[in-house]
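Analysis of the macromolecular model
Now for the letters of each chain:
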Amino acid sequence: LFVESSHQNGASFFYKPKLPADEMKKALIYLMYFTIALTLDAKQVHIVFIAGNSIHRWGDHENLLMCNLYKDLLTKASNDIKAEVLDASKGSPVKLDGAAPDAVIIIGEGETNHPLKDNPSFLKELNRRKINVGVIHYALHFSDEKDYKFLDSTVGGHYEPFWSVNPTWTANFVLEKHPITNGVKPFSIKDEYYFNIRFSEMPGQRIIPVAKAAPPDKVRMYRFGAHTGNQYVRDNKGKLETLLWVAENADSTRGFGYAGGHSIWAFAQKDFRKLMLNAAAWLSGIEIPPEGLESPSISYDEIASKITKDERPDKEYYEEVWRTFVERNSAQK
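Residues numbered from 1 in each chain as written. Predicted model: local features only at pLDDT ≥ 70, side-chain atom pairs only at ≥ 80, totals over all residues. Heavy atoms only, no water.

With respect to the overall build of the protein chain
Tallying secondary structure elements over the protein chain gives 9 helices and 14 strands in all. For the protein chain, buried positions account for 49% of its 333 residues. Within the protein chain, contacts between residues separated by at least 24 positions form 73% of all contacts whose residues are at least 6 apart in sequence. Carbon and sulfur atoms provide 51% of the accessible area of the protein chain, an area that totals close to 16,900 Å². (Helix = DSSP H or I, 4+ residues; strand = E, 2+ residues; numbered from the N terminus. Buried < 20%, exposed > 50% of the residue type's maximum accessible area, 1.4 Å probe, protein only. Contact = heavy atoms within 4.5 Å. Areas by Shrake-Rupley, 256 points an atom, 1.4 Å probe, with all protein chains shown as cover.)

Description of the nonpolar core
Judged by nonpolar contacts, the single largest core of 93 residues is most densely connected at Tyr70, Ile105, Phe256 and Trp265. The leading source of residues in this core is helix α7 (residues 270–283), at 9 residues. Here Tyr70 is in contact with Phe49, Ile105, Ile107, Ile136, Phe256, Phe267, Met276, Leu277 and Ala280, once residues within four sequence places are set aside. (Core = buried A, V, L, I, M, F, W, Y, C linked by side-chain atoms within 4.5 Å.)

Things to note about the layout of surface pockets
If you add up the space inside the largest pocket, you get close to 480 Å³. Thr168, Lys190, Tyr318, Val321 and Trp322 are the residues nearest the centre of the largest pocket, which is lined by 19 residues in total. Taken together, the elements giving at least two residues each to the lining of the largest pocket come down to β8 (168–172), β10 (188–192) and α9 (315–330). When grouped by side-chain class, the residues that make up the lining of the largest pocket number 6 nonpolar, 6 polar and 7 charged. (1 Å grid on protein atoms, 1.4 Å probe; cavity = no way out; pocket = protein on both sides within 12 Å on 5 of 7 lines; lining within 4 Å. Points joined across faces, edges and corners; volume = space filled by probe spheres on them. Nonpolar A, V, L, I, M, F, W, Y, C, P; charged D, E, K, R; others polar.)

Some details on the sheet that holds strand β13 (residues 241–248)
With respect to topology, 8 strands assemble into an open sheet ordered β4-β3-β5-β6-β14-β13-β12-β9, the strand pairing being mixed. Strand pairing shows two members of the sheet lacking a second neighbour, β4 (81–87) and β9 (174–175), which therefore form its edges. As judged from the 4 bridges shared by strand β6 (residues 132–136) and strand β14 (residues 254–258), these two strands associate in the parallel manner. Directly across from Val135, in β14, lies its bridge partner Gly257. Relative to the sheet, α7 contacts β3 (45–51), β5 (103–107), β6, β12 (206–213), β13 and β14, its axis offset from that of β14 by approximately 155 degrees. (Pairing = 2+ DSSP bridges. Axes fitted to C-alpha atoms, helices over the stretch in contact; angles between N-to-C directions.)

Concerning helix α2 (residues 63–77)
The terminal C-alpha atoms of α2, which comprises 15 residues, lie 21 Å apart, in line with the 21 Å expected from a rise of 1.5 Å per residue. Where α2 is concerned, the buried positions are Asn63, Leu65, Met66, Cys67, Leu69, Tyr70, Lys71, Leu73, Leu74 and Ala77. (Expected span 1.5 Å × (residues − 1).)

A few points about the pattern of salt bridges
Opposite charge on two side chains lets them pair, provided their charged atoms get close. All chains considered together, the criterion is met by 19 salt bridges. Between Glu62 and Lys309 there is a salt bridge, with the nearest N and O atoms lying 3.2 Å from each other. Taken together, the positions of Glu62 in the loop between β3 and α2 and Lys309 in the loop between α8 (300–304) and α9 put the pair 247 residues apart, joining distant regions of the chain. For Glu62, a relative accessible area of 8% puts it in the buried group. Linking Arg323 and Glu327 is a salt bridge whose minimum nitrogen-to-oxygen distance equals 3.9 Å. Separated by 4 residues within a single helix, Arg323 and Glu327 lie in helix α9, roughly one turn from each other. (Salt bridge = Lys/Arg side-chain N within 4 Å of Asp/Glu carboxyl O.)

A closer look at the pairing of β8
Residue alternation in β8 divides its side chains into a buried set, Trp169 and Ala171, and an unburied set, Thr168, Thr170 and Asn172. With 5 bridges connecting them, β8 and β10 associate as antiparallel partners. Its bridge partner lying in β10, Trp169 is registered against Asp191.

Things to note about the environment of Asp87
Within the secondary structure layout, Asp87 lies in strand β4. Residues Asp87 and Cys67, 20 residues apart in the sequence, show an inter-C-alpha distance of 9.2 Å. Non-local contacts of Asp87, meaning those with residues more than four positions away in its chain, are made with Ala51 and Leu64. Of the polar contacts made by the side chain of Asp87, one reaches the side chain of Ser89; its length is 2.4 Å. (Polar contact = N/O pair within 3.5 Å; in protein donor to acceptor, adjacent residues only side chain to side chain.)

Some points on the side chain of Thr253
You can see Thr253 is positioned in the loop between β13 and β14. Among the polar contacts made by the side chain of Thr253, one reaches the side chain of Asp251 at a distance of 2.6 Å. Excluding its chain neighbours within four sequence positions, the residues that come into contact with Thr253 are Lys130, Ile131, Asn132, Ala247 and Glu248.

Quick look at unusual backbone geometry
For Glu111, which is not glycine, the phi torsion reads 50 degrees and is therefore positive. Structurally, the position occupied by Glu111 is in the loop between β5 and α3 (120–128). Of the residues examined, Glu111 reaches a relative accessible area of 24% and is grouped as partly exposed.

A short note on empty space enclosed by the protein
Counted under the stated rule, the structure contains 1 cavity of 30 Å³ or more. Considering only enclosed or pocket space, the largest cavity measures out at about 50 Å³ in volume. What lines the largest cavity is simply Met66, Ile136, Asp191, Tyr258, Gly261, Ser263, Ala266, Phe267, Phe272 and Met276. The residue inventory of the lining of the largest cavity, partitioned by class, reads 7 nonpolar, 2 polar and 1 charged.

Everything listed here is a matter of coordinates, which is why it stays silent on function.
Here you go:
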């Protein structure tokens, strides 16, 4: 609508085409809306959460609730993100309708209760459509070894019985420099953390540790078993174990794995919350600001009121521990 012209002496001026005023006004409005639409389409990404069922007690492995909480926090943190939850908790096979999302994040049980168990076509679809994948906690463990290849090719590793272990301990997080850690300060949370993950060695794939912690020696000394301990775990006392990592894959997709996530209450810790929001944003290709993605605090009752399981026998003690944790962390600025 406005064209720049230059005089021979280097000066420039703008002139307006000879359009009627009302036509000019309409053209400017159309241009404004067109520009806004292009900007929104270019920036907004689509993240799909896949929520599995839960075979754990009240408050633990609240997979569907965690997916919905994660989704809500993300959409509040960034207008560039739209997110939805696919509920696989009833056992129905999940599928993607329409255009491929930018990322899929899987939160569910593992082994025979994995939300993608017996769904090889869906796993192949994620690979074929080159969708970025994030996997949290127990969903890193399939019961069928042939499905480990899916995890290795997308997130760069998997939980392997008689190699990996799953004790509960307090992790004092050590953070590596990465966009996912933008604005995140070191923090500590007691949870069930897998470690000694079996990381992939696929050609052309780059696996980057993002958050680490050193398990206490006592958890390395548990009896030998499929999930409790082995000689390799015992021989590495003091070693920093990778708890959150990212994968840059040979097909140009991204992935991330997080070995914690047993407890939904961890989201009350602001730095953990920011770490997880940043991880989802990075996974979907969003540029993370230096201060990271901000989100509102959450309350114990806000989460507890949405849990539908039967009460646990130790609820009084359990509630005291986690209510104190949530209130202490929500009060931090």
